Structures are given as structure tokens and as C-alpha cells.
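What the coordinates show
Chain residues, written in single-letter form:
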Amino acid sequence: MRVLAAVLLLLAALPARAEEVVMGLSQSNVSITTDFDGSDILIFGAVKREVAIQEEPPLQVIVTVEGPLEPVTVWRKARKLGIWVNAEAVDVDSAPGFYAVATSALWAESISAVEDLRHKVSIPRAIRSVGAPMEIMDSEAFTEALIRVRERQGLYRVEEESVELRESTLFDTSISMPANISEGRYLSRVFLTRAGKVVSVHESEIQVGKVGLERWLFTLSRQMPLVYGLLSLAIAALAGWGASALFRAIRSG
């Protein structure tokens, strides 16, 4: 009921248009603590219209959540003298640290290739890689490798037919953010499409950041790396001494 009430409030605040999407988030801030094991973000919304619902072509909804962009160097290994070593590399100009896509229908029914290229909705389109060494003829393979690695890490994923769309008006879905996400500004987008064409877009931000002891240690490691290193060594030595003392006490007992 609270989600429905929030949607109605969002609808009331919109100016009148032929068909427009409005969205809300269950939370706009995610705190990374020492025991952080991931977070689920509920994304919900509605379509505001000033005309009757158009039955054909059917309305579809695509939801994306994109993490901070960062440059990445992707290496390809080769076997030399019986040892696997880094042989070739491609610098990816920018790739999101996290990217999730949820759709109300199958991908092919949700958006056309032209609209995907224009709005950079799919994972490959969200990655920007324009420069590769001339001797590398298959630079696309490096981008595909990056996607596979981050899919295994739970950082990239596509969940087709996971957006629940009711009466072509109300929608909701849940996006799971794993424990290994990085902090920064995350962008959530909702696309309304018909016949593969985008008819409305809405964006909202999610802030992800470290808090408490996690924030203090992170700041210390960046601003005072020497102190952070010495502190880490002291903690490791203290832990080793404590374990040794406990072992001796158990043996003598």
C-alpha cells in the first residue's frame, strides 16, 4: 500500500503529457559497513497519460541500474614456454563497475538495436571502448571477456521478464546489489517502449558509500597509506601473538 501511495503522489506531481513514466526507489542511499552483504533496491513507478491506454503495440518497461564508470585494462593471456602470461591488452575507456538490466518482456521484444545504440541500454552499449592497438584485430573479444568476468562476479546481469507490469500502468522490480559493489553515484533509469522505440525515460540517483569503521579505514588507506600499512602490520602481529598465546594456553591446560 505504501508503494501504491508513493506512486500516486508521484503521478500527481507530473505535468500532463501523452504518456510519461515516473519512478520511485525504496532507498536512495546504500551504506557499506564492515558486515555489508549486499542490498536490494525496489524500483517502482507508473505511467501517466492524458489519453486512453493504447493496447497495440504493447507497452514494455526496461529498468537499468548503472554504477560508477571507470577505465579498465583487459589482458589476454598466452602460453609461452609452458607458462601462461599476459600477452595483449586493450584499454577500455569507461565501463560501469555495476550494471543490471531488468525488462518486462524478452529483450528482443523490449527495444530495437537502433534505440539501444542511442540510449546505451544494454551492457555492451554501456561500455565505451574506442581505441585498441592496431595489431589487435578482435578488440570486441576483450569487451566480451570483461562482461563475462563481471557476470561471474555478480556485477553485470540481465534479468528478462523480471519487471511486473500491471494494466500497462503500474510496474515494479527489485535489483540486487552484491556485497562487492564499489561506492559512488549510481544511476537508475526506467524506459518506456512501444514496438522497440523509447517513448519516455526517467532517471534517479542512488548514492553508495562506506560508513563507520569501513569509511575510516578507506579514508586512512587513501590519505595516509604509510600509517594504514603500519596499522595493518600491527594488527596482524597482534592477532598472530594472540593466536599463539591461546594455543599455548590450550596445550598447557
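To keep things clear, this report deals only with the structure shown in the data block. (Residues numbered from 1 in each chain as written. Predicted model: local features only at pLDDT ≥ 70, side-chain atom pairs only at ≥ 80, totals over all residues. Heavy atoms only, no water.)

**Points about the overall build of the protein chain**
Along the protein chain, the regular secondary structure elements total 7 helices and 12 strands. Every one of the 253 residues in the protein chain was classed for burial, and the buried ones make up 36%. Accessible surface for the protein chain amounts to roughly 14700 Å². Of this, 58% is attributable to carbon and sulfur atoms. (Helix = DSSP H or I, 4+ residues; strand = E, 2+ residues; numbered from the N terminus. Buried < 20%, exposed > 50% of the residue type's maximum accessible area, 1.4 Å probe, protein only. Areas by Shrake-Rupley, 256 points an atom, 1.4 Å probe, with all protein chains shown as cover.)

**Here's the deal with the side chain of Gln-60**
Mapped onto the elements of the fold, Gln-60 is located in strand S4 (residues 59–66). The exposure class assigned to Gln-60 is buried, which follows from its relative accessible area of 11%. In terms of polar contacts, Gln-60 uses its side chain to reach the side chain of Ser-104, at 2.8 Å. Setting aside anything within four residues of it in sequence, one finds Gln-60 in contact with Ser-104, Ala-105, Glu-109, Ser-110, Phe-191, Leu-192 and Thr-193. (Polar contact = N/O pair within 3.5 Å; in protein donor to acceptor, adjacent residues only side chain to side chain. Contact = heavy atoms within 4.5 Å.)

**Notes on the environment of Trp-75**
By the secondary structure assignment, Trp-75 is in strand S5 (residues 69–80). A residue is classified by how much of its surface remains accessible, and Trp-75, at 48% relative accessible area, is partly exposed. For the pair formed by Trp-75 and Val-85, sequence separation is 10 residues and the distance between their alpha carbons is 9.5 Å.

**Overview of the sheet that holds strand S9 (residues 164–166)**
Taken in spatial order, the 4 strands make up an open sheet running S1-S3-S10-S9, and their pairing is antiparallel. Looking at strand neighbours, the two that pair on one side only are strand S1 (19–25) and S9, the edges of this open sheet. Across the sheet, the mean angle separating the axes of adjacent strands is 20° when strand polarity is ignored. Examined bridge by bridge, strand S3 (residues 39–49) and strand S10 (residues 170–177) share 8 bridges and lie antiparallel to one another. What sits directly across from Asp-40, in S10, is Ser-176. (Pairing = 2+ DSSP bridges. Axes fitted to C-alpha atoms, helices over the stretch in contact; angles between N-to-C directions.)

**Quick notes on unusual backbone geometry**
Even without glycine at this site, Ser-168 takes up a positive phi of about 55°. When you line up the elements, Ser-168 lands in the loop between S9 and S10. At Ala-195, a residue that is not glycine, the phi angle is positive and equals roughly 55°. One can find Ala-195 in the loop between strand S11 (184–194) and strand S12 (197–210).

**Topic: the pairing of S3**
Along any regular strand the residues' side chains alternate between the sheet's two faces. Here S3 lies mainly inside the structure; 8 of its 11 residues are buried. Of the pairings in the sheet, the one linking S1 to S3 comprises 7 bridges and is antiparallel in character. Bridge pairing in S3 places Gly-24 opposite Phe-44.

**Focus on the pattern of salt bridges**
The full count for this structure, using the stated rule, is 8 salt bridges. Residue Glu-159 is joined to Arg-157 by a salt bridge in which the shortest nitrogen-to-oxygen separation is 3.0 Å. One salt-bridge network, in which partners are shared between bridges, spans Glu-19, Arg-49 and Arg-194. (Salt bridge = Lys/Arg side-chain N within 4 Å of Asp/Glu carboxyl O.)

**Notes on the nonpolar core**
Core analysis: the biggest nonpolar cluster contains 47 residues, and Ile-43, Phe-98 and Ile-181 have the highest contact counts within it. Ranked by residue count, the leading element in this core is S4, at 5 residues. (Core = buried A, V, L, I, M, F, W, Y, C linked by side-chain atoms within 4.5 Å.)

**Notes on helix H5 (residues 139–152)**
Between its first and last C-alpha, H5 extends 21 Å over 14 residues, near the 20 Å set by a 1.5 Å rise per residue. Once H5 ends, the next one or two residues include Gly-154, with phi positive near 80°. (Expected span 1.5 Å × (residues − 1).)

**Details of the environment of Ala-179**
Inspection of the secondary structure assignment puts Ala-179 in the loop between S10 and S11. Between the alpha carbons of Ala-179 and Leu-155 there is a distance of 9.6 Å; along the sequence they are 24 residues apart.

**With respect to the side chain of Ser-94**
With respect to the element layout, Ser-94 can be found in strand S6 (residues 83–96). Dropping the residues within four chain positions of it, Ser-94 is found in contact with Leu-69, Glu-70, Pro-71, Ala-126, Ile-127 and Arg-128.

**With respect to the environment of Ser-168**
Residues Ser-168 and Ile-53 lie 115 residues apart in sequence; the distance between their C-alpha atoms is 7.5 Å. Contact partners of Ser-168, with chain neighbours within four places excluded, come to Val-47, Arg-49, Ile-53 and Leu-59.

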